[in-house]
Amino acid sequence: MGVPITFLDKYNPEQFEIIGCADYTGKYGSDEIGICRIGEEWIAKYRAQGGRGHYTANMTSLVYYDTSGNAKNTFKRILIKRRASK
């Protein structure tokens, strides 16, 4: 699950495991956990609808298309996983 960095204020290591960062490509980053590059298609759609943020097709970030087909991006996310109950 992707959570905002403010999650760290409430982080309980007995309940959750931090598995990485969505926008980082090094160890514990997107390459290691399977997040793909943004790609040309998303960039083209984002620019066509007026998006002006700094994105390139080779960047990794959690981006998506909403239910209307609009290209959307998220703020920086920390990826966590719930620990199994004991």
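Residues numbered from 1 in each chain as written. Predicted model: local features only at pLDDT ≥ 70, side-chain atom pairs only at ≥ 80, totals over all residues. Heavy atoms only, no water.

With antiparallel pairing, 3 strands are arranged side by side in an open sheet as β1-β5-β2. Since the sheet does not close on itself, it has two edges, and those belong to β1 (2-3) and β2 (16-21), each with one partner. The pairing of β1 with strand β5 (residues 78-82) spans 2 bridges and is antiparallel. What sits directly across from V3, in β5, is I78. (Pairing = 2+ DSSP bridges. Helix = DSSP H or I, 4+ residues; strand = E, 2+ residues; numbered from the N terminus.)

A few words now on helix α2 (residues 40-48). The complete set of buried residues in α2 reads W42, I43 and Y46. Seen along its axis, α2 keeps its buried residues to an arc of 100 degrees; they face one direction. Projecting away from the buried face of α2 at angles above 90 degrees are the exposed residues E40, E41 and A48. Buried residues belonging to α2 abut β3 (63-65) and β4 (71-73). Just downstream of α2, G50 is the residue with a positive phi angle, here 100 degrees. (Buried < 20%, exposed > 50% of the residue type's maximum accessible area, 1.4 Å probe, protein only. Arc of directions from axis to C-beta. Contact = heavy atoms within 4.5 Å.)

Time to look at the nonpolar core. Listed in full, the 7 residues of the largest apolar core are I38, W42, I43, Y46, Y55, A57 and A71. Looking at this core, the element that brings in the most residues is α2, giving 3 residues. Excluding residues within four positions of it along the chain, W42 makes contact with Y55, V63, Y64, Y65, A71, K72 and N73. With 5 residues, the next largest nonpolar core counts V3, F7, F16 and I78 among its residues. (Core = buried A, V, L, I, M, F, W, Y, C linked by side-chain atoms within 4.5 Å.)

Now for the packing of aromatic side chains. Within this structure, the stated rule accounts for 5 aromatic pairs. Measuring from centroid to centroid gives 4.8 Å for W42 and Y46, while their planes differ by 15 degrees, and the two rings are stacked. Here the residue W42 and the residue Y46 both occupy positions in helix α2, the gap between them amounting to 4 residues, near one helical turn. With a relative accessible area of 10%, Y46 lands in the buried category. Taken together, the ring pairs in this structure connect F7, Y11 and F16 into an aromatic cluster. (Phe/Tyr/Trp six-rings, centres within 6.5 Å; stacked < 30°, edge-to-face > 60°.)

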